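Each chain, written out:
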Amino acid sequence: MVEATPITPSPKKAAKAATSAFEATMPKFEVPKFDMPGQLEVPAAVREMAEKNVQSARDAYEKMKASAEETTDLLEDTYSTASKGMVEYNAVALESLRTNVNAAFDYVGALFGAKSVSEAVELSTGHMRKQFDVLSAQAKELSTLAQKVAADTAEPIKASVEKTIKKSV
């Protein structure tokens, strides 16, 4: 025996039938209309207050715009100074690295040419003394340069803060 399967309407047909049934049962409703006068008179005090508020908003916008432009210029100057300083610092650091690598290769070459243990110890001692002095001088140079970069980078910020404080006082 074959079972009968009920045929269901498509979703569009079902939605259309439900909408029709809903509209048939609900009463019609219209939005009431209001007659507005041709021109609405705004009191002079309200108009004056609105004009003052608009002018105040314009003034505030101009101040914020000027401040944003100053801040942008400050950030550009600071970034430019910092990047120039870092380029200089990296150049000095790379030169120090090159010097140290060359000294290490020279030391290893001399060590391989040593004819006795005492000569190897003497080479090692001399190399260590020389490298200690070189590394100390390099560290001092890099430290001085880092301080200079930091001071040069902070200078525009310091000047801007001082200017802002003078404006507010």
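All figures in this text were calculated on a predicted structure; none of them were measured in a lab. (Residues numbered from 1 in each chain as written. Predicted model: local features only at pLDDT ≥ 70, side-chain atom pairs only at ≥ 80, totals over all residues. Heavy atoms only, no water.)

(A) Geometry of the overall build of the protein. Looking only at helices and strands, the protein features three helices and zero strands. Ordered by position from the N terminus, the helices and strands of the protein form the series α-α-α. Across the protein, contacts joining residues at least 24 apart in sequence account for 71% of those joining residues at least 6 apart. Roughly 14,800 Å² of accessible area belongs to the protein as shown, and the carbon and sulfur atoms make up 64% of that amount. (Helix = DSSP H or I, 4+ residues; strand = E, 2+ residues; numbered from the N terminus. Contact = heavy atoms within 4.5 Å. Areas by Shrake-Rupley, 256 points an atom, 1.4 Å probe, with all protein chains shown as cover.)

(B) How the structure looks around the pattern of salt bridges. Within the structure shown, the criterion is met by three salt bridges. Lysine 148 is the salt-bridge partner of aspartate 152, the closest N and O atoms lying 3.2 Å from each other. Here aspartate 152 pairs with lysine 148, and both are found in helix α3 (residues 117–168), just four residues apart, close to one helical turn. Its relative accessible area of 43% is what places lysine 148 among the partly exposed residues. (Salt bridge = Lys/Arg side-chain N within 4 Å of Asp/Glu carboxyl O. Buried < 20%, exposed > 50% of the residue type's maximum accessible area, 1.4 Å probe, protein only.)

(C) Quick peek at the environment of leucine 75. Relative to the assigned elements, leucine 75 resides in helix α2 (residues 44–112). Counting along the chain gives 81 residues from leucine 75 to proline 156, while the straight-line C-alpha distance between them is 8.7 Å.

(D) Up close: the side chain of threonine 78. One can find threonine 78 in helix α2. In terms of polar contacts, threonine 78 uses its side chain to reach the backbone carbonyl oxygen of leucine 74, at 2.8 Å. In this structure threonine 78 touches Thr153, Pro156 and Ile157, once residues within four positions along its chain are discounted. (Polar contact = N/O pair within 3.5 Å; in protein donor to acceptor, adjacent residues only side chain to side chain.)

(E) Just a negative patch on the surface, in detail. On the surface, a cluster of negative charge is made up of Asp59, Glu62, Glu69, Asp73, Glu76 and Asp77. Within the element layout of this structure, glutamate 62 appears in helix α2. (Patch = residues over 30% accessible without salt bridge, like charges linked within 9 Å, V, L, I, M, F, W, Y side chains within 5 Å. Lys, Arg positive; Asp, Glu negative; His and termini not counted. Charge placed at Lys NZ, Arg CZ, Asp CG, Glu CD.)

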